[in-house]
Amino acid sequence: MTKLQKPDYAYMNGKITPWDDAVLHIGCEAVTRGLNVFEGIKGYWNIDNSFGIVFLEKHYKRLIRSAKLLHIPFPMTFEQYEDAVFQLFGKLLANGKDMWARTTLYVTEGHWGEGTKADLVITAYHLDKSVPEPIDIGVSTWQRSSDVSLPARIKTSTNYQVGRLARIEGRSRNYSDMILLNNQGRVAEATGSCVLMVRDGVIYTPPSTEGALESITLDFVESLANTLKIPFFRRPIDRTELLIADELCICGTLAELIPIVSIDGNEMDSYGPIFSQIRNKFFKIVRGEESDPGFEVSFVPEKYFKKEIAMQI
Ligand code: PMP
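The paragraphs below set out a description of the structure included in this document. (Residues numbered from 1 in each chain as written. Predicted model: local features only at pLDDT ≥ 70, side-chain atom pairs only at ≥ 80, totals over all residues. Heavy atoms only, no water.)

### Regarding the overall build of the protein chain
Here comes step 1: The number of helices and strands found in the protein chain is eight helices and 16 strands.
Here comes step 2: The C-alpha atoms of the protein chain give 20 Å as radius of gyration, which agrees with the globular expectation for 313 residues (20 Å, within 12%).
Here comes step 3: For the protein chain, the spread of C-alpha atoms along the principal axes amounts to about 50 × 50 × 35 Å.
Here comes step 4: The buried share of the protein chain, reckoned over its 313 residues, is 51%.
Here comes step 5: Nonlocal contacts in the protein chain, meaning residues at least 24 apart in sequence, comprise 70% of its contacts between residues at least 6 apart.
Here comes step 6: Split by element, the accessible area of the protein chain, about 15100 Å² in all, is 52% carbon and sulfur.
Here comes step 7: Side chains of the protein chain carry 35 positive and 40 negative charges; the gap between the two charge centres is 3 Å. (Helix = DSSP H or I, 4+ residues; strand = E, 2+ residues; numbered from the N terminus. Rg over C-alpha atoms; globule rule 2.2 N^0.38 Å. Buried < 20%, exposed > 50% of the residue type's maximum accessible area, 1.4 Å probe, protein only. Contact = heavy atoms within 4.5 Å. Areas by Shrake-Rupley, 256 points an atom, 1.4 Å probe, with all protein chains shown as cover. Lys, Arg positive; Asp, Glu negative; His and termini not counted. Charge placed at Lys NZ, Arg CZ, Asp CG, Glu CD.)

### A few points about the environment of Glu-210
Here comes step 1: By the element assignment, Glu-210 lies in the loop between strand E11 (202-205) and helix H5 (216-227).
Here comes step 2: Note on Glu-210: relative accessible area 8%, which makes it buried.
Here comes step 3: For the pair formed by Glu-210 and Gln-277, sequence separation is 67 residues and the distance between their alpha carbons is 27 Å.
Here comes step 4: Among all residues touching Glu-210, those that are not within four sequence positions of it are Asn-182, Arg-186, Val-187, Ala-188 and Pro-236.

### A short note on the packing of H5 against helix H7 (residues 273-286)
Here comes step 1: Put simply, H5 and H7 touch, their axes get as near as 10 Å, and they point 110 degrees apart. Judged on the interaxial angle alone, H7 and H5 are roughly perpendicular. Handedness of the crossing formed by H5 with H7: right-handed. Mapping the contact onto sequence places Thr-217, Phe-220, Val-221, Leu-224, Ala-225 and Thr-227 in H5 and Ile-278, Lys-281, Phe-282, Ile-285 and Val-286 in H7.
Here comes step 2: A breakdown of the residues in the contact of H5 with H7 according to their chemical character gives eight nonpolar, two polar and one charged. (Axes fitted to C-alpha atoms, helices over the stretch in contact; angles between N-to-C directions. Parallel < 35°, antiparallel > 145°, perpendicular 65-115°, else oblique. Left-handed = near helix turned anticlockwise from the far one by under 90°. Nonpolar A, V, L, I, M, F, W, Y, C, P; charged D, E, K, R; others polar.)

### Regarding the packing of helix H2 (residues 56-69) against helix H3 (residues 78-92)
Here comes step 1: Axis separation between H2 and H3 bottoms out at 10 Å; the angle between their running directions is 115 degrees. For the element pair H2 and H3, the recorded crossing hand is right-handed. Only Phe-78, Tyr-81, Glu-82 and Val-85 of H3 make contact with H2, whose side of the interface consists of Leu-56, Glu-57, His-59, Tyr-60 and Leu-63.
Here comes step 2: In terms of residue class, the contact of H2 with H3 is made up of six nonpolar, one polar and two charged.

### Some thoughts on the site of the ligand
Here comes step 1: Neighbouring the ligand are 15 residues; Tyr-160, Glu-189, Ser-215, Thr-217 and Thr-253 lie closest to it.
Here comes step 2: For the ligand, an oxygen atom lies 2.5 Å from a polar atom in the side chain of Tyr-160.
Here comes step 3: Bound to the protein, the ligand loses 95% of the 390 Å² it would expose on its own.
Here comes step 4: For the shell around the ligand, the elements supplying multiple residues, two or more each, are H5 and strand E13 (247-252).
Here comes step 5: Looking at side-chain class alone, the shell around the ligand contains five nonpolar, seven polar and three charged residues. (Near = heavy atom within 4 Å. Polar contact = N/O pair within 3.5 Å; in protein donor to acceptor, adjacent residues only side chain to side chain.)

### A few points about the side chain of Thr-17
Here comes step 1: Structurally, the position occupied by Thr-17 is in strand E2 (residues 15-18).
Here comes step 2: For Thr-17, a relative accessible area of 10% translates into the label buried.
Here comes step 3: Of the polar contacts made by the side chain of Thr-17, one reaches the backbone oxygen of Lys-15; its length is 3.0 Å.
Here comes step 4: Leaving out residues up to four positions away in the same chain, Thr-17 has contacts with Asp-8, Tyr-9, Ala-10, Met-12 and Ala-22.

### Re unusual backbone geometry
Here comes step 1: Located in the positive-phi region is Asn-13, a residue other than glycine, with phi close to 50 degrees.
Here comes step 2: With respect to the helices, strands and loops of the structure, Asn-13 is situated in the loop between strand E1 (9-12) and E2.
Here comes step 3: Despite not being glycine, Asp-200 shows a phi value in the positive range, around 50 degrees.
Here comes step 4: Structurally, Asp-200 is set in the loop between strand E10 (194-199) and E11.
Here comes step 5: On the basis of relative accessibility, which here comes to 71%, the residue Asp-200 falls in the exposed class.

See the structure below:
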């Protein structure tokens, strides 16, 4: 079973707050209707001992779009958002450990869309520096909701109920993740990442209009593919194409790039050549060993670091 970390601090009500004090009232819409929008962001230690958060501004912009679609006010500027993230990372950073943070806008006041107020809460967790292992995956019997039921474009926790059901279903078949189809029976995405396929040397991925989140990592992979001169197209993907693909992988901020070795028990013919090239480049870039025109990083300034960490680097 996954053991969740309990860090010493979270960010809430505009300040660093001890973990146990970071609580919401049971009467607020964040609790009664699961009303929130969020982002999962990742920070990496670089080879020069700086700590870089990848695509922070893109995450901020997607948070704004999600908030707008659910009519949740979010008056923070990017600089204020960045400062809040830097504060918490600075407080929790451990030398050599990467971090993943969830920046969540919880609805704390209001009722059925009237008088809505929200608070930005940030929680952050340590991650070991590692390259993700290949996985087996299945296709779920649960479906991604459509744009007129619960739009995939909105990154809200309620959108993850179906992903949770899919993972429960997958666990009984020994799969750690599952692919969700849309209500047309075509590939939408995995429970927390996007799906990529290689056929005859070309990378394909479904456009977000097929029921996938507008993924920041996917745009980065597209840029890497351009740099490596590997053709990359967004087009609908049929379920059966997954079974005859040359390579499959899933990608996301937390997932990074995870190769798939079998789908619904069908071993892939081969796995490796195209996505290995992308993966090698991906990990070199996020650790500051190489650059790419499609890459953006925000380094946590040293003034935010705890004294112990500042002294070690
Ligand atoms: N789809 C879902 C459902 C996700 O939760 C994520 C992770 N945020 C993704 C796709 C990948 O998005 P990103 O690359 O922006 O992390």
